[in-house]
Each structure stands twice: as C-alpha cells, then as structure tokens.
Amino acid sequence: MPRPSALAGVDAFPRVRLGHLPTPLEPAPQLGAALGVDLWIKRDDCTGLAFGGNKVRQLEFYLGEAQAQGADTVLITGAVQSNFVRVAAAGARALGMDIHIQLEERVDDGDALYRLSGNVLLDRLLGARLHSFPVGEDEAAADAALERLARSLEREGRRPYVVHLGIDHAPIGGLGYVLAAGEVMEQARSRGIALDALVCASGSALTHAGILVGMRSSGETVPVHGICVRRVASRQRARVERRATELAAMIGRAGLIRDHDVDVCDAVHAPGYGKVNEAVGEAMSMAARLEGLLLDPVYTGKVMAGLVAQVRSGRIEAGSRVLFVHSGGTPALFGYAHRLEPWLSPAP
Ligand SMILES: *Cc1c(COP(=O)(O)O)cnc(C)c1O
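This one's a predicted model, so the numbers in the text were calculated from it and none came from an experiment.

S.K.: Explain the site of the ligand residue by residue, including any values.
M.R.: Taken together, the neighbourhood of the ligand is formed by 15 residues, with K55, G203, S204, T207 and S327 sitting nearest. Between S204 and the ligand, the recorded distance is 2.7 Å, taken from a side-chain N or O atom to an oxygen atom. Here the ligand has 380 Å² of accessible area as a free molecule, and 96% of this is covered by the chains. Broken down by element, the residue count for the shell around the ligand peaks at three residues, all from helix α3 (residues 54–68). Counted by class, the shell around the ligand contains four nonpolar, 10 polar and one charged residues. Counting only domains with at least three residues in the shell around the ligand, you end up with domain 1 (4–53 + 171–343) and domain 2 (55–163).

S.K.: Give me the lowdown on helix α8 (residues 175–190), citing residues and values where you can.
M.R.: Residues spaced three or four apart along an α-helix point in a common direction, a consequence of the helix completing one turn every 3.6 residues. If you check α8, its first and last C-alpha atoms are 23 Å apart, about what 16 residues at 1.5 Å a residue would give, namely 22 Å. Where burial is concerned, most of α8 is hidden: 12 out of the 16 residues are buried. Regarding α8, the residues found buried are L175, G176, Y177, V178, L179, A180, A181, E183, V184, M185, Q187 and A188. Looking one or two places after α8, you find G192, whose phi comes out positive at around 70 degrees.

S.K.: Which residues make up unusual backbone geometry, and what values do they have?
M.R.: Residue P22 follows L21 across a cis peptide bond; omega there is 0 degrees. Within the fold, P22 resides in the loop between α1 (7–10) and β1 (25–27). Cis geometry is adopted by the peptide bond preceding P271, which originates at A270 and carries an omega value of 5 degrees. The phi dihedral of A50 is positive, around 45 degrees, even though this residue is not glycine. Relative to the helices and strands, A50 is located in the loop between β2 (38–43) and α3. For A50, a relative accessible area of 28% corresponds to the partly exposed category.

S.K.: Which residues make up the sheet that holds β2, and what are the values?
M.R.: In spatial order, the strands read β1-β2-β10-β7-β8-β9; together these six strands make up an open sheet with mixed pairing. The strands lining the two open edges of the sheet, one partner per strand, are β1 and β9 (263–265). Between one strand axis and the next, the sheet turns by 30 degrees as a mean value, whatever way the strands run. Bridging between β1 and β2 involves three bridges; their strand directions are antiparallel. The partner of L25 across the bridge, within β2, is K42. Of the strands in this sheet, β7 (197–202), β8 (224–228), β9 and β10 (321–326) touch helix α9 (residues 206–217), which is tilted by about 150 degrees from β7.

S.K.: How would you sum up the environment of L146? Please name residues and give values.
M.R.: Turning to its location among the elements, L146 is positioned in helix α7 (residues 139–155). Judged by relative accessible area, L146 falls into the buried class, the value being 0%. Placed 136 residues apart in sequence, L146 and V10 show a C-alpha to C-alpha distance of 27 Å. Not counting the four nearest positions on each side in its chain, L146 is found in contact with L75, I76, T77, Q102, V162 and V163.

S.K.: So what's going on with the side chain of S82? Residues and values would help.
M.R.: Here S82 shows up in the loop between β3 (73–79) and α4 (83–94). Among the residues examined, S82 registers a relative accessible area of 5% and is labelled buried. One polar contact links the side chain of S82 to the main-chain amide nitrogen of F84, over a distance of 3.1 Å.

About the criteria used
Residues numbered from 1 in each chain as written. Predicted model: local features only at pLDDT ≥ 70, side-chain atom pairs only at ≥ 80, totals over all residues. Heavy atoms only, no water. Near = heavy atom within 4 Å. Polar contact = N/O pair within 3.5 Å; in protein donor to acceptor, adjacent residues only side chain to side chain. Areas by Shrake-Rupley, 256 points an atom, 1.4 Å probe, with all protein chains shown as cover. Helix = DSSP H or I, 4+ residues; strand = E, 2+ residues; numbered from the N terminus. Nonpolar A, V, L, I, M, F, W, Y, C, P; charged D, E, K, R; others polar. Domains from an automatic or database assignment. Expected span 1.5 Å × (residues − 1). Buried < 20%, exposed > 50% of the residue type's maximum accessible area, 1.4 Å probe, protein only. Pairing = 2+ DSSP bridges. Axes fitted to C-alpha atoms, helices over the stretch in contact; angles between N-to-C directions. Contact = heavy atoms within 4.5 Å.

See below:
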C-alpha cells in the first residue's frame, strides 16, 4: 500500500518557487561526537534567496497567494533583526513587487550594530520602506497597524498583500514545512539513514507544526522536538497544537495530530526572545569550531543549546541519530557582533 501523501492537500494552495530546493542533508561528525549523538543537519540555511533560511519555504506560499490575488506591494512585520522580513523583501523584489516592513521593538537593544547591521542592512539594500512599531509583544496590534498601512496604500491605488503574524490568520507558511518533512525523509530513506529524533526551532510554530504534520501525514512517527525561542513551553505548546491542528485540516487530514505528538522544550529560552545566554554562545562556538558550521544567536544557536539540554536530560537518548534543522538566520550574526564577543577568539 502506498503511504498517503500530504502533497495532494498542499497542491491546492498557490505557491511560487523562490528557494533552492532540495537543501542538503549533511553529517556533523565532530559536533555529534561532542554531543554524544549521531548528528545530521538539514541545511535550510541554504535555501538560497538573499541568504536563505526557513522563511523562504514559508514565503513560497504567502507570496504565491499574493501573486494569485494580483498584489503589487507586500507588507510584513517583525523584530528589528527579523529574518522573515528580510526574505520577504527579497521575495517581493524577485516577483517585481514593492515591500513595506514594520520593525517591532522586541529586544530593547540600543546597540548600533543591532539596529543597522545584519538583516537591517539587507532590508535597506533591498529598498524596503521601513516603519517602526514601538511594541514587541502584541502580535494582534502589530497586524492591525499593518492593516492600517495597507488601507492607506489602497487609497493611493496600490494592491497590498499583508503577511500576518497573529494567531488569527491561517498558517499557510507552514505548508512549506509540510513539504520539507517529505523532502528530508526522502533524502534520509534514499541514503539508509533511520532517524530517531528531529530537533527544530519553535517560534511562530509554523516550522515546528509544519514538520510535525508533514511527518505524521506520511506515517512517520519520529519524535519532533521543538525548542522554544519566543515564549515559554506552556504557551508554546498551545500554539504548536493549534497550528498543527489547523495545518492538518488545511491539507484534508483533520484529526491527524494528537497531544502527545507535540514536544516543546524551553530549558534554554531565558532570558527571552533574541537574547544571548551562556548555553547559546557555547553551542554557537562548538558548531563553528568543531564543524565550520555557523549558527545564529536568536534561533539556531538556541536550538543547538536545546539539543544539548535534551541529551543531558535523557529526553533524547545518547547515541541516537538526530536530525537538526538548520533554519538559517546567519545574517543576524553581524547585528549581534558585540553580544558575541565572549565566544570569539582575540581580535588581531
Ligand atoms: C523565524 C525563524 C525561526 C522560527 O521559525 P518559526 O516557523 O517562526 O517557528 C527559526 N530560525 C530562524 C533562523 C528564523 O528566522
């Protein structure tokens, strides 16, 4: 019996090709030995568009919808060093559209590099119109501000498309990760790699929920560990459950996800979103020095630190075969240069 595929359900949604896919699946032998697992990396930092990352897969669906609606201007909101807004700007440009970005004060960092380098530099090079939003923890209010901007652009004769952040809008970007789950399992199968566990970031939860739905929709029972990068585990669990339930329904597989499928860990989340802690700096340093692998301080460094915590606590068994989803974010390194000083070798 062929396994039921998520593809049919996903195919019903408009999509525009933006990424370099499939991304590589690579072993990380030195880092894996140091962590005590057989470590493999899904290189979604290599999705291509404007330094890549997980948002490329998500935006293939948002911008697919924008194009289907005949939009000529994209609006999006995010943290100052947001990767999502940077990739949205590049995607909009690739499709010949204008781009407005609303930057939220989530991290409370007056550092000049944080405010101007990294993703902000790229947003500006891409010619995005930048707007600032004083609040960082109110997704509904951030969306509402974008809607007001969209209405004023409409009055000027534009055709705006808003990429919403809030929970009240359909998680269509997660469809990109439903497909990514199929992509990575196909790569693993064809190379004879039987995965015991998968570890990814859990922020908006579209990546986490998308992978979970993609795995379960093709009968894969591999545990998916989401590492909290945005909010504590109790709140994040509810978010992942809701997003996964919605995504499953969107592809015609309502009821696919059960409570025990959702695993979230916030052991390394403190002191909060976008803030570097000792475990994150340590994990970034290990990946760089042992493997030549660059992680970022907001997401993937935290996920690697979370993987270390999961192995230490026994939730991921020592010696098991673990897939780490590298979701990108590396341009933020330049915005965090001063915060990373403790883990750098001495300046010349
Ligand atoms: C946005 C982002 C994440 C989190 O993904 P979600 O789908 O929002 O949960 C992880 N890594 C990087 C580099 C990101 O930019």
